[in-house]
Amino acid sequence: MKLIKSMSIYSICHFLVDFVSCIFVLGVAPTFCFDENGEFMQHIYIAEVIMYNFFAFAFQVPMGFVMDKLKLYKYVGIIGFCLIGICYAIGFGNAIVLASIVGIGNGLFHLEGGVNAYNNSKGKAFLNGLFVAPGAMGIFLGTMFWQALVPTFIPIILIVVAIILLAFVQKDELPYLEKEQNEIKEGKILFKLHDIISIALLIGVSIIVRSIGGSAIVYDWKTGFVIGLIYTILVVLGKAFGGFIGDRIGLKKTALFALLFACISLIIGFKVPFFGYLGIFLFNIPMSITLLILEKCNLKYIATMVGLNTLFLFIGYLICMIPNTMNNFAVLIVSIILAIISIFFAFKKYEKGEM
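J.: Which parts of the structure should I look at to understand the nonpolar core?
T.: Soluble globular proteins tend to pack their nonpolar side chains together in the buried interior. By size, the foremost hydrophobic cluster in this structure holds 109 residues, and its most contacted members are Phe81 and Leu166. Aside from chain neighbours lying at most four places away, what touches Leu166 is Ile9, Tyr10, Cys13, Gly77, Ile78, Phe81, Phe109 and Glu112.

J.: Would you take a moment to explain the packing of helix α1 (residues 2-28) against helix α4 (residues 76-90) for this structure?
T.: Geometry of a packed helix pair, given as the angle between the helix axes and the separation of the axes. Contact pair α1 / α4: the axes reach a minimum separation of 11 Å and the direction vectors enclose 30°. In terms of orientation, α1 lies roughly parallel with respect to α4. When you trace α1 past α4, the crossing you get is left-handed. Residues Cys13, Leu16, Val17, Val20, Ser21, Ile23, Phe24 and Val28 of α1 lie in contact with α4, whose contacting residues are Phe81, Ile84, Cys87 and Tyr88. Across the contact of α1 with α4, the residue classes break down as 11 nonpolar, 1 polar and no charged.

J.: Explanation requested: the pattern of salt bridges in the structure shown.
T.: A side chain of one charge can pair with a side chain of the opposite charge when the charged atoms of the two come close. A complete count under the given rule lists 3 salt bridges for this structure. Among the ionic pairs, Lys5 bridges to Asp172, the shortest N-O distance being 3.9 Å. Of this pair, Lys5 sits in helix α1 while Asp172 sits in the loop between α8 (154-167) and α9 (175-185), and the two are 167 residues apart along the sequence. With relative accessibility at 32%, the residue Lys5 sits in the partly exposed group. Take Asp172: its relative accessible area is 13%, and that puts it in the buried class.

J.: How should helix α2 (residues 42-58) be read in this particular structure?
T.: Since the α-helix turns once every 3.6 residues, residues separated by three or four places project in the same direction. Taking 1.5 Å as the rise per residue, α2 with 17 residues should run 24 Å; its terminal C-alpha atoms sit 23 Å apart, in good agreement. Those residues of α2 that sit buried are Glu48, Val49, Tyr52, Asn53, Phe55, Ala56 and Ala58.

J.: I would appreciate a short explanation of the side chain of Asn106 in the present structure.
T.: You can see Asn106 is positioned in helix α5 (residues 95-121). Within the structure, the side chain of Asn106 is placed 2.8 Å from the side chain of His110, a separation counted as a polar contact. In contact with Asn106, other than residues within four places in its own chain, are Val17, Asp18, Ser21, Tyr52, Ala56 and Ile84.

J.: Looking at this structure, I do not really get the packing of aromatic side chains. What am I missing?
T.: Given two aromatic rings, one states the distance between the centres and the angle between the planes to describe the pair. Using the criterion set out here, one finds 26 aromatic pairs in the structure. Consider the rings of Tyr118 and Tyr176, whose centres lie 6.2 Å apart with planes at 50°: the pair is tilted. Of this pair, Tyr118 sits in helix α5 while Tyr176 sits in helix α9, placing them 58 residues apart in sequence. For Tyr176, a relative accessible area of 18% translates into the label buried. When the ring of Phe126 is compared with that of Phe244, the centres are 5.2 Å apart and the planes differ by 65°; the resulting orientation is edge-to-face. One end of the pair, Phe126, is in helix α6 (residues 126-132); the other, Phe244, is in helix α11 (residues 225-249), and 118 residues separate them in sequence. Classification of Phe244 by relative accessible area gives partly exposed; the value is 29%. Members of the aromatic cluster, each reached through a chain of ring pairs, are Phe54, Phe55, Phe59, Phe314 and Tyr317. The aromatic ring of Tyr231 is capped on one face by Lys222, whose charged end is 4.6 Å from the ring centroid. In this structure, Arg248 is placed above the aromatic ring of Phe244, and the distance from its NZ or CZ to the ring centre is 3.8 Å.

About the thresholds
Residues numbered from 1 in each chain as written. Predicted model: local features only at pLDDT ≥ 70, side-chain atom pairs only at ≥ 80, totals over all residues. Heavy atoms only, no water. Core = buried A, V, L, I, M, F, W, Y, C linked by side-chain atoms within 4.5 Å. Buried < 20%, exposed > 50% of the residue type's maximum accessible area, 1.4 Å probe, protein only. Contact = heavy atoms within 4.5 Å. Axes fitted to C-alpha atoms, helices over the stretch in contact; angles between N-to-C directions. Helix = DSSP H or I, 4+ residues; strand = E, 2+ residues; numbered from the N terminus. Parallel < 35°, antiparallel > 145°, perpendicular 65-115°, else oblique. Left-handed = near helix turned anticlockwise from the far one by under 90°. Nonpolar A, V, L, I, M, F, W, Y, C, P; charged D, E, K, R; others polar. Salt bridge = Lys/Arg side-chain N within 4 Å of Asp/Glu carboxyl O. Expected span 1.5 Å × (residues − 1). Polar contact = N/O pair within 3.5 Å; in protein donor to acceptor, adjacent residues only side chain to side chain. Phe/Tyr/Trp six-rings, centres within 6.5 Å; stacked < 30°, edge-to-face > 60°. Lys NZ or Arg CZ within 6 Å of the ring centre and 35° of its normal.

Structure representation (structure tokens):
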């Protein structure tokens, strides 16, 4: 029951943090992007979106490093929601600064949730995916409904709900993580520095190229709320159950074959929607697996590694902002092939270091 309570709370709060953050960045912060003449400053809006993503994703690395040094894996999620709530309550200010603070708050919650999900999973991939998956739905629904929700108190109410929920898991201990970190001190678990760097870089390449490949999945038939909702549900299911499948038939095998069949399905999906749905499910299966490998190769700095995962996502996000005139088929195929190669060699390094 304790495990169910903990994972339910962290998963629900992950949905909420991305939902309210999305509403703020798209709907609240832009109200501070007007000049003295009432003209909307597009460059300020673009800057606030980029800075939000920087602090929500890339800045998790230094914040995670501090958490690891202090062994502080609780309360930071509540602090994160409080920061977001303050930005909602202020009602004035600089759009870039406010979006950056919301990004920091979002990142703090992700770090606490990621570390606690790993502890609850006891080294397995399933609960990692179960924690991360609801964020995609939060972003989708936030993107869809921010205009209707900005004038209401609903985001602030949801923030209060999240803080109350998180209060129920702050006293939970992290016995599995502490046990593994003690084994590192005793030399029972040891990855050499060059192995950690190699694994992190290879996993990083796989995350970045998958982000690029994801940007090439542009289907003409993917229009309207209902189709978008079904599509997002399959993204959520892929993230959530990729670890579940991997824990049972093998992490490496699951990640590699999922990407291989995802490539075929996603290409056919340009013509046949069913394969597009299947492909996006398969495409998201490796997420919890690559995150787990990052964490396990450097458990002494587990929050840093959780942050490293999102840093790679941010790099992929920046690359996807560059105007692209290449064929979507080519981008998709090349990116997935590179992801398969990098994950394969990351596992080779990981298995060698584990031995």
